[in-house]
Amino acid sequence: MIDRRVFSMGLGATILTACSSSNAPSSAPATRMRAVPNAGWDSWVANFKGRAASQGISQTTINRAFQGAGYLPGVIERDRNQVEFKRSLEDYLAIAASDERISTGKQMLQRYNGTLSQIEAQYGVDKDVIVAVWGLESRYGSRRGDVPVVSALSTLAYDGRRGQFFESQLIAAMKILQNGDTTPDNMTGSWAGAMGHTQFIPTSYLAYAVDFTGDGRRDIWSDDPTDSLASTAAYLSRAGWVRGQPWGGEVGSAAANSGTPVAVLQPQNPGPRIAVFRNFQVIKRYNNSDSYAIGVGHLSDRISGGAPFQASFGPDETGLTLEDRKEIQRRLTSAGYDTQGADGVIGKNSEAAISAYQRANGLSVTGKPSVELLRRLGG
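Summarised in this report is the structure supplied together with it. (Residues numbered from 1 in each chain as written. Predicted model: local features only at pLDDT ≥ 70, side-chain atom pairs only at ≥ 80, totals over all residues. Heavy atoms only, no water.)

**A few points about the pattern of salt bridges**
Pairing is possible between side chains that carry opposite charge, provided their charged atoms lie close to one another.
Okay, so step 1: Counting across every chain of the model gives 18 salt bridges.
Okay, so step 2: The salt bridge involving Arg51 is made with Glu167; its shortest N-O contact spans 2.7 Å. Here Arg51, found in helix H2 (residues 39-54), pairs with Glu167, found in helix H10 (residues 163-179); they are 116 residues apart in sequence, far enough to count as distant.
Okay, so step 3: Arg51 sits in the partly exposed class, given a relative accessible area of 31%.
Okay, so step 4: Assessed through its relative accessible area of 19%, Glu167 is described here as buried.
Okay, so step 5: Here Asp79 ties to Arg80 by a salt bridge, and the two come within 3.4 Å at their closest N and O atoms.
Okay, so step 6: What makes Asp79 buried here is its relative accessible area of 3%.
Okay, so step 7: Residues joined in a network through salt bridges with shared partners are Asp79, Arg80, Asp159, Arg161 and Arg162. (Salt bridge = Lys/Arg side-chain N within 4 Å of Asp/Glu carboxyl O. Helix = DSSP H or I, 4+ residues; strand = E, 2+ residues; numbered from the N terminus. Buried < 20%, exposed > 50% of the residue type's maximum accessible area, 1.4 Å probe, protein only.)

Below, the structure is given as structure tokens:
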């Protein structure tokens, strides 16, 4: 089984960059995602074309793929400046299973219920789990990425830091184009080449994507998410999804009482103890992170009407609860220091707002939340 997230940043950090307004780092400016002249890239591409031809890619496909392609400095900036977030499970779930994500997920489950029911019947993967993956990967299709994939992958392959991997992805992208599933102009995705509603890298697309609509193309780029959702189900099914078995659940809940779990996890103490089944490990084949798999599973439960975890996470090392941190964000925003959201997760925007408030009020500038900050803002 190919790991679809072989280039993931760990702990589901990839999805967190698109999940929370207060946590997400700003993306590279649009101008840096435009192609610029680069003689080294030109030379690399000339050599790559020969290697592509030797692997069965036609000259016509090669020419079409690289027409208009170019070196993208913004891609290298993103690759060099990846941040591996060390979020607690509480913070992770505040983003991954936010009220907004749950609400939108319920809407999407209802809107596409007929299609999802057909996909579930064919592949055996619960439709709420499919929707949850969609919600985490692209916020239900609203953040699929608009970077030209051929340009992004060729830039990364030329750069060389993970050249062999990205060249293999570029060859796979050439094969997708040669198969006629999409066009070079339409083949867009993330800065690292993940594509569509559920963010398949090209090699995983070739292995698992399906044409569920029957139009002759495995179209994961369309506004219609059908092929993407079915492809996700196909992936999870091939990875060993057990039909009718829950992913897991909080110890003591109905889901956790449905059989013998493979493990009981407590990623954060205090916090919920979570019994997990084989399907939890299958979700990890999509993104090899306990936090990601718990996020998908818990979001799927909430989308289908399940309750939040009952165990309390308690205050953090600063003595603040999640609700305290949300209140700090709300009060800062009301005072004119916009945190870009109030999810309780203290990211770059919240740190900048705290620093600005501290500076304006003659306080020591730390950018960190505290009980004292909450008290001052309450005045």
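Having put the structure on the table, let's press on.
**Details of the packing of aromatic side chains**
Okay, so step 1: Under the criterion given, the structure shown has 15 aromatic pairs.
Okay, so step 2: An angle of 75° between the planes, with centres 6.0 Å apart, marks the rings of Phe200 and Tyr235 as edge-to-face. Highlighted residues: Phe200 in the loop between strand S2 (188-189) and helix H11 (202-208) and Tyr235 in helix H12 (residues 226-238), separated in sequence by 35 residues.
Okay, so step 3: Given the relative accessible area of 0%, Phe200 is considered buried. (Phe/Tyr/Trp six-rings, centres within 6.5 Å; stacked < 30°, edge-to-face > 60°.)

**Here we look at helix H6 (residues 99-111)**
Okay, so step 1: A rise of 1.5 Å per residue sets the reference length of H6, with its 13 residues, at 18 Å; its end C-alpha atoms lie 18 Å apart and thus fit the reference within 8%.
Okay, so step 2: Looking only at H6, the buried set comprises Arg101, Ile102, Gly105, Met108 and Leu109. The arc that holds every buried residue of H6, seen down its axis, measures 125°, which confines them to one face. Turned more than 90 degrees away from the buried face of H6, the exposed residues are Asp99, Glu100, Gln110 and Arg111.
Okay, so step 3: Of the surrounding secondary structure, the elements contacted by the buried residues of H6 are helix H5 (89-96), helix H7 (113-123), helix H8 (127-138) and helix H14 (290-303). (Expected span 1.5 Å × (residues − 1). Arc of directions from axis to C-beta. Contact = heavy atoms within 4.5 Å.)

**Observations concerning H2**
Okay, so step 1: Taking 1.5 Å of rise per residue, the 16 residues of H2 would be expected to cover 22 Å, and the 24 Å separating its terminal C-alpha atoms lies within 8% of that figure.
Okay, so step 2: Within the span of H2, buried status applies to Trp41, Trp44, Val45, Phe48 and Ala52.
Okay, so step 3: Residues of H2 that are buried make contact with helix H3 (59-66), helix H9 (149-159) and H10.
Okay, so step 4: Taking the backbone nitrogen of Gly40 as reference, a side-chain oxygen 3.0 Å away marks Asn38 as the first, capping residue of H2. (Polar contact = N/O pair within 3.5 Å; in protein donor to acceptor, adjacent residues only side chain to side chain.)

**What to know about the side chain of Asp79**
Okay, so step 1: Mapped onto the secondary structure, Asp79 falls in helix H4 (residues 73-80).
Okay, so step 2: There is a polar contact of 2.9 Å between the side chain of Asp79 and the side chain of Arg161.

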